[in-house]
Amino acid sequence: MEQLEKTMYSTIETIDSERVRLATYFRTLGADDWKKETYCPDWNASQIVGHLTLGAQFYASTVGNGLEGNHGFPLGASDREEFMALRTSIMDEIAALDGDTLVDRFDEDTRKVISLFRSLGPKDYEKTAWHRRGILPIPYFVIQRTYEFSLHEWDILNEPGAPLHPAALDQAADNLRLRIPMIYNTNPDLKLEGRFRFETTDTGHVWAMSIENEKASALSEAEGEFDVSLFAPASDMILMATGRADIDAKEATGAFRIEGETAKARALIPAIFFPN
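Residues numbered from 1 in each chain as written. Predicted model: local features only at pLDDT ≥ 70, side-chain atom pairs only at ≥ 80, totals over all residues. Heavy atoms only, no water.

Observations regarding the pattern of salt bridges
Link 1 in the chain: In this structure the tally under the stated criterion is 22 salt bridges.
Link 2 in the chain: A salt bridge links Arg19 to Asp16, with the shortest nitrogen-to-oxygen separation between them at 2.8 Å. A residue pair is termed a helical-turn pair when its members lie 3 or 4 positions apart in one helix, as Arg19 and Asp16 do in helix α1 (residues 2-26) at three residues. Across this residue pair, the class does not change: Arg19 and Asp16 are buried.
Link 3 in the chain: Of the charged contacts, one joins Asp104 and Arg27 as a salt bridge, the two residues approaching to 2.6 Å between their closest N and O atoms. Of this pair, Asp104 sits in helix α5 (residues 99-118) while Arg27 sits in the loop between α1 and α2 (31-35), and the two are 77 residues apart along the sequence.
Link 4 in the chain: Assessed through its relative accessible area of 40%, Asp104 is described here as partly exposed.
Link 5 in the chain: Given the relative accessible area of 39%, Arg27 is considered partly exposed.
Link 6 in the chain: Here the residues in one salt-bridge network are Glu13, Asp16, Arg19, Asp107, Arg111 and Arg118, joined through shared partners. (Salt bridge = Lys/Arg side-chain N within 4 Å of Asp/Glu carboxyl O. Helix = DSSP H or I, 4+ residues; strand = E, 2+ residues; numbered from the N terminus. Buried < 20%, exposed > 50% of the residue type's maximum accessible area, 1.4 Å probe, protein only.)

What follows is the structure, encoded as structure tokens:
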């Protein structure tokens, strides 16, 4: 638990520094920039920042519920359909604001969820909260913000061949050791078992997990024998893990490399590398 507390602390500090950096960047966007096409289909920059701001509200609501043992729908919704409708209407309302007001709203709502994250204690990290994928550990919601910030900035820039911004890359790469087992457990392969190693070839992050009895668990050390080892630069590993990169293309260029039992690798990859 001590290591998890350290990870949560450094992640929250990264989220806060990224809030400042992104707000500064967003304020450089002109009226035409807010309307430009992005990597996200059918979304312009204002809609992406509206989505990020909505995300802060969603996390504050669902994590707040989870802390009280409530796994009901967030944002005051009574069912999934109402939640999805609220999600869209709130995002659209925020996205319609003028640039400076939109950034102010992003900054304000992000500060609020950061304040909530900073209030969490060791016992809170053992609790869970509602997500459209299922009931997830509260640490998931903390680490996910780093990915959302990095990915949506990348979406706005709309340069698919470019890497993610380096500012949060080290923390985001380190947090994959937590995120990947959590994601796997939302949709496990019922037949897959083994030990799996991951390595970011540029930043040197190495971690491992085991899968047993339909459940993935992070391993404290990445030593010993493994059924499969996966290698990629940190940015590519994150982009693949969040559905932003073509896995086959990355493998064809050598950016993504697989060692070990091919059948187990091919069963693992669809369960951990897919969109947010």
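Focus: the packing of α1 against α5
Link 1 in the chain: Running from N to C, α1 and α5 point in directions that differ by 175°, and their axes come no closer than 10 Å. With respect to their mutual orientation, α1 and α5 come out roughly antiparallel. For the pair formed by α1 and α5, the contact residues are Ile12, Glu13, Ile15, Asp16, Arg19, Leu22, Ala23 and Phe26 on the first element and Val103, Phe106, Asp107, Thr110, Arg111, Ile114, Phe117 and Arg118 on the second.
Link 2 in the chain: Partitioning the contact of α1 with α5 into residue classes produces nine nonpolar, one polar and six charged. (Axes fitted to C-alpha atoms, helices over the stretch in contact; angles between N-to-C directions. Parallel < 35°, antiparallel > 145°, perpendicular 65-115°, else oblique. Contact = heavy atoms within 4.5 Å. Nonpolar A, V, L, I, M, F, W, Y, C, P; charged D, E, K, R; others polar.)

Some words on the nonpolar core
Link 1 in the chain: Formed by 46 residues in total, the largest nonpolar core has its most connected members in Phe26, Trp34, Phe106, Phe117 and Phe141.
Link 2 in the chain: Listed by contribution, the elements that provide at least two residues to this core are α1, α3 (45-67), α4 (80-95), α5, β1 (128-131), α6 (138-157) and α7 (169-186).
Link 3 in the chain: At nine residues, the largest contribution of residues to this core is made by α3.
Link 4 in the chain: In this structure Trp34 touches Phe26, Leu29, Asn44, Ala45, Ser46, Val49, Gly99, Leu102 and Val103, once residues within four positions along its chain are discounted.
Link 5 in the chain: Among the nonpolar cores identified, the runner-up in size contains 35 residues, and Leu176, Leu239, Ala241 and Ala245 belong to it. (Core = buried A, V, L, I, M, F, W, Y, C linked by side-chain atoms within 4.5 Å.)

Here we look at the sheet that holds strand β4 (residues 206-212)
Link 1 in the chain: What the five strands build is an open sheet, ordered β5-β4-β3-β6-β7; its pairing is mixed. Here the strands that pair on one side only, and so sit at the sheet edges, are β5 (215-219) and β7 (257-260). Direction aside, neighbouring strands of the sheet carry axes that sit 20° apart on average.
Link 2 in the chain: By the bridge criterion, five bridges tie β4 to β5 in an arrangement that is antiparallel. Bridge pairing in β5 places Ile211 opposite Ala216.
Link 3 in the chain: On top of the sheet, helix α8 (residues 234-241) reaches β3 (194-200), β4 and β6 (228-232); it is set at about 115° to β6, its chief contact.
Link 4 in the chain: Helix α10 (residues 262-272) contacts β3, β4, β6 and β7 of the sheet and is inclined by roughly 70° relative to β3. (Pairing = 2+ DSSP bridges.)

So, α7
Link 1 in the chain: Spanning 18 residues, α7 covers 25 Å between terminal C-alpha atoms, matching the ideal 26 Å at 1.5 Å per step.
Link 2 in the chain: For α7, a buried count of 14 out of 18 residues is recorded, marking the element as mostly surrounded by other parts of the structure. (Expected span 1.5 Å × (residues − 1).)

So, the pairing of β6
Link 1 in the chain: Counting buried positions over the five residues of β6 gives five, a clear majority of the element.
Link 2 in the chain: Residues of β6 alternate between two faces, with Val228, Leu230 and Ala232 on one and Ser229 and Phe231 on the opposite face, all of them buried.
Link 3 in the chain: Where β3 meets β6, five bridges bridge the pair, whose relative direction is parallel. Opposite Glu199, over in β6, you have Phe231 as the bridge partner.
Link 4 in the chain: As paired elements, β6 and β7 share four bridges and run antiparallel to each other.

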